[in-house]
Amino acid sequence: MGPLFSRHGYAALAESVYLNQAALGLIPAETVEVMVRHLTETAQHGNLHLTDDQELHILDGLRQVGAVLVGAPLECVAVLGGASEGLAVAASLIGGGDVVLVPTDFPSVTYPWLVTAPDKPDRAVTWVDDKPDRDLTDALVEAIRPGVAAVCVSAVMYATGSQIDCARVASRAHEVGARLIVDATQLAGAGVVDMTRWDADVVVTSGYKWLSSHGGAALLAVAHDLLNAPAPHPGWMGADQPFAFDARQLRPAPGARRLEQSTLAYVSALGLTQSVTRLNSLGYEAIETHARLLAEELVETVESLGWRPFRSLDDPSASAHIVALRHPDLDAVAVRRSLHDEHRVVTSARQDAIRISLHVYNDSSDIDVLARALTVIGEGRA
């Protein structure tokens, strides 16, 4: 298997095997060029190269390509500073009532609901465990009952790669009058995100992982019936005409833009626009197929070494681009350190597993290097 994008655009690949896009994503050279150009022009020339009117429209391109990325109408898409911000906004929009969460989800997904719980004594949290012998979607659907106001969950679990069927969860949630909030950070850029088909109420994604930009820019998409809700935390850039500077009256912008708050990392937003445009043109079905073929090579290659995925790849709850490998006798943290320090193979250790990320620049040679390194490490600890 060869890469989908040229490996020459990623400097790290000349000195390492990088299997860690799920943690800190590599940014291709052409995106870096866009970012550096904007940073240099703005830093050196200020408003000579960035007028008020240009700043007013600087995020238009990102909203447009972001709408394609997440499968949402353009008016439903906002640009925020981070996925955590978007998840907090979502929790504020939904309000009270019981909530269904996954205890091993990324903390940004659960924290907004835990903070507000003391102020809402009638709220109960139902925790649904991500277990390798149980379809995660089935478990979530069974946990949704009358009285639940929201299900907030990652489309793909950051540590295990478990993936949910968002459309099924949304259908069950809506049957009881609940909302579905999806953090697509570990799916967007690696597979298909489709808010409209899922019928999700909110979709959030960070930009600095699979979407190949830098921290400081994220996307938030909300359902049409939430567009007119008051912004929980109104900011000056969420006004209809921000540069009118009317401090006496709040006139919210139309659509989801009213949820935007302030000046953010434009350099990251422009980089994200460039990277998402490139990924959109490739197509997420192709990216997903590429990862699955590599994942099959990976699992088959390391099986004889005693490494097993958290979920079999034919499990409906398994994603292909995040493969969590566990060994009955080897410590994941120690193995990750050895991979990095002794073999220049970059991975993450998450929940007793070596987490392998497979993205557009990875190819079969990366699987071979990883397998050889795991062989050496295993022999050294035998």
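Residue positions are counted from 1 within each chain, in the order its sequence is given. Side-chain atom pairs in this predicted model are given and counted only at pLDDT of 80 or more, local residue features only at pLDDT of at least 70, and totals for whole chains, interfaces and linings cover all residues. In computing side-chain properties, one takes all heavy atoms of the structure into account and sets aside hydrogens as well as water.

Things to note about the overall build of the chain
Only DSSP runs of H or I covering at least 4 residues are called helices, and only runs of E covering at least 2 are called strands; the numbering of each starts at the N terminus. Assigned secondary structure in the chain consists of twelve helices and 13 strands. Radius of gyration: C-alpha atoms only; globule rule: 2.2 Å multiplied by the number of residues to the exponent 0.38. For 382 residues, the compact-globule formula gives about 21 Å, and the C-alpha radius of gyration of the chain, at 21 Å, lands near that figure. Counting only C-alpha atoms and orienting by the principal axes, one finds that the chain spans roughly 70 × 55 × 30 Å. Relative accessibility decides the category of a residue: with a 1.4 Å probe and only protein chains considered, values under 20% of the type maximum give buried, values over 50% give exposed, and everything between is partly exposed. When the 382 residues of the chain are sorted by exposure, 55% land in the buried category. Summing over all exposed atoms, the chain offers an accessible surface of approximately 16000 Å²; the carbon and sulfur share of this is 52%. Neither His nor the chain ends is counted toward charge; the positive residues are Lys and Arg and the negative residues Asp and Glu. By convention, charge coordinates are those of NZ in Lys, CZ in Arg, CG in Asp, or CD in Glu. In the chain, which carries 29 positive and 47 negative side-chain charges, the distance between the mean positions of the two groups comes to 3 Å. Using the Shrake-Rupley algorithm and a 1.4 Å probe, accessible areas are obtained, with residue cover drawn only from the displayed protein chains.

Some points on unusual backbone geometry
Leaving glycine out, the prevailing phi sign among residues is negative, and the prevailing peptide bond configuration is trans. Positive phi, normally seen in glycine, also occurs at Asp199, with a value near 65°. Secondary-structure assignment places Asp199 in the loop between helix 8 (195–198) and strand 7 (202–206). At Ser212, a position not held by glycine, the phi torsion is positive, near 65°.

Let's talk about the sheet that holds strand 5 (residues 148–154)
Pairs of strands are assigned from DSSP output, requiring at least two bridges between the strands. Within the open sheet, the seven strands sit side by side as 2-8-7-6-5-3-4. Their pairing is mixed. Of all strands in the sheet, those bounded by a partner on one side alone are strand 2 (77–80) and strand 4 (125–127). The average angle at which neighbouring strand axes cross in this sheet is 15°, direction not considered. Where helix 7 (residues 166–175) meets the sheet, its contacts fall on strand 5 and strand 6 (179–183), and the angle it forms with strand 6 comes to roughly 155°. A fitted line through C-alpha atoms serves as each axis, taken over the contacting stretch for helices, and the angle formed by two N-to-C directions is quoted from 0 to 180°. Whether two residues touch is decided by their heavy atoms; if any such pair falls within 4.5 Å, the residues are in contact.

Observations concerning the packing of helix 11 (residues 332–343) against helix 12 (residues 364–380)
Remark: helix 11 packs on helix 12, axes separated minimally by 10 Å, with the N-to-C direction vectors making an angle of 110°. Comparing the axis directions of helix 11 and helix 12 gives the class roughly perpendicular. Seen along the crossing, helix 11 lies across helix 12 with a hand that is right-handed. Residues Val335, Ser338, Leu339 and His343 of helix 11 form the contact with helix 12, whose own contacting residues are Leu370, Ala373, Leu374, Val376 and Ile377. Side-chain classes are defined by residue name, with Ala, Val, Leu, Ile, Met, Phe, Trp, Tyr, Cys and Pro counting as nonpolar, Asp, Glu, Lys and Arg as charged, and the others, Gly among them, as polar. Of the residues in the contact of helix 11 with helix 12, the class split is seven nonpolar, two polar and no charged. For classification purposes, an angle smaller than 35 degrees is called roughly parallel, one larger than 145 roughly antiparallel, one from 65 to 115 roughly perpendicular, and anything else oblique. We call a crossing left-handed when the near helix sits turned anticlockwise from the far one by less than a right angle, and right-handed when that turn is clockwise.

As for the side chain of Asn362
In this structure, Asn362 sits in the loop between strand 13 (353–357) and helix 12. In terms of polar contacts, Asn362 uses its side chain to reach the side chain of Asp366, at 2.9 Å. Excluding its chain neighbours within four sequence positions, the residues that come into contact with Asn362 are Gly2, Pro3, Arg7, Tyr18, Leu19, His290, Leu294 and Ser357. Under the rule applied, a polar contact is a pair of N or O atoms within 3.5 Å (in protein, one hydrogen donor and one hydrogen acceptor; residues adjacent in sequence only if both atoms are side-chain atoms).

What about the state of the cysteines?
Defined simply, a disulfide is a covalent bond joining two cysteines at their sulfur atoms. The rule for a disulfide is simple: a pair of cysteine sulfur atoms within 2.5 Å. Going through the model one piece at a time under the given rule, you end up with zero disulfides. The structure places no disulfide on Cys76, whose sulfur is separated from the nearest cysteine sulfur, that of Cys166, by 17 Å. Free cysteine Cys152: the closest other cysteine sulfur is in Cys166, separated by 11 Å.

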